[in-house]
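Next come the chains, spelled out residue by residue.
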Amino acid sequence: MDLSYPEIGATRGPLPRGYHHIDRRVPIGHGRAAFEAAVTALLGWEMHRRSGLGVKADTATAATGSTVVLTLGPVRIPCRVVYVVDEGSRAGFAYGTLDGHPEQGEERFVIEYDESDATVFAHITAFSRPGRWFTKLGGPAGRVVQKLFTDRYFAALRAAVRT
């Protein structure tokens, strides 16, 4: 399966034109233990499971080249990890949409530890546009669903740092 968009890795820098953009960073906890718990939940696909998605990944943890098929009811959402972030106080990954995904684009999930006050942040950056007939037909409803899941991801990460 091929990635369904040409701007592979573009969540690292300026987001490409012609897509809807998301760039949200929210505090989810405090302390090094909270950072480690959030990173574990993110890289082990637990954030996705806790947000209500089915997860079938070919690796136990996200790694460059990993393929994951998320499901929401009958909808299949295939993605491939295009890069991993592992920088000490920042960890996460970005995945891109594969053929058959309802959208086209890329989403990056990064957990950040602020050394100055021990605040842990979740930072989600994405660019997307409709990729299938039903998402094109749905128009703005796709953005509503994307916002809902972004909120669910943040809630799942907050819950992960409390358990």
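First, a word on scope: everything that follows refers to the structure included in this document.

### Considerations on the sheet that holds strand 4 (residues 75–86)
By way of backbone hydrogen bonds, the strands of a sheet pair with one another, either parallel or antiparallel. Strands sit in the order 1-7-6-5-4-3-2 across an open sheet of 7 strands; the sheet is antiparallel. Looking along the sheet, the strands with just one partner apiece sit at the ends: strand 1 (20–30) and strand 2 (54–57). In this sheet, neighbouring strand axes are inclined to one another by 20 degrees on average, regardless of whether the strands run parallel or antiparallel. Two strands pair when backbone bridges link them, and strand 1 and strand 7 (residues 119–130) are joined in this way by 10 bridges, in the antiparallel orientation. What sits directly across from proline 27, in strand 7, is phenylalanine 121.

### Brief notes about the pairing of strand 5 (residues 90–97)
Counted residue by residue, strand 5 has 7 buried out of 8 residues, so it is predominantly covered. By the bridge criterion, 7 bridges tie strand 4 to strand 5 in an arrangement that is antiparallel. Among the inter-strand pairings, valine 84 is bridged to a residue of strand 5, identified as phenylalanine 93. Here strand 4 folds back onto strand 5, and the loop between the two strands holds 3 residues, one of which, glycine 88, carries a positive phi near 80 degrees.

What counts as what
Residues numbered from 1 in each chain as written. Predicted model: local features only at pLDDT ≥ 70, side-chain atom pairs only at ≥ 80, totals over all residues. Heavy atoms only, no water. Pairing = 2+ DSSP bridges. Helix = DSSP H or I, 4+ residues; strand = E, 2+ residues; numbered from the N terminus. Axes fitted to C-alpha atoms, helices over the stretch in contact; angles between N-to-C directions. Buried < 20%, exposed > 50% of the residue type's maximum accessible area, 1.4 Å probe, protein only.

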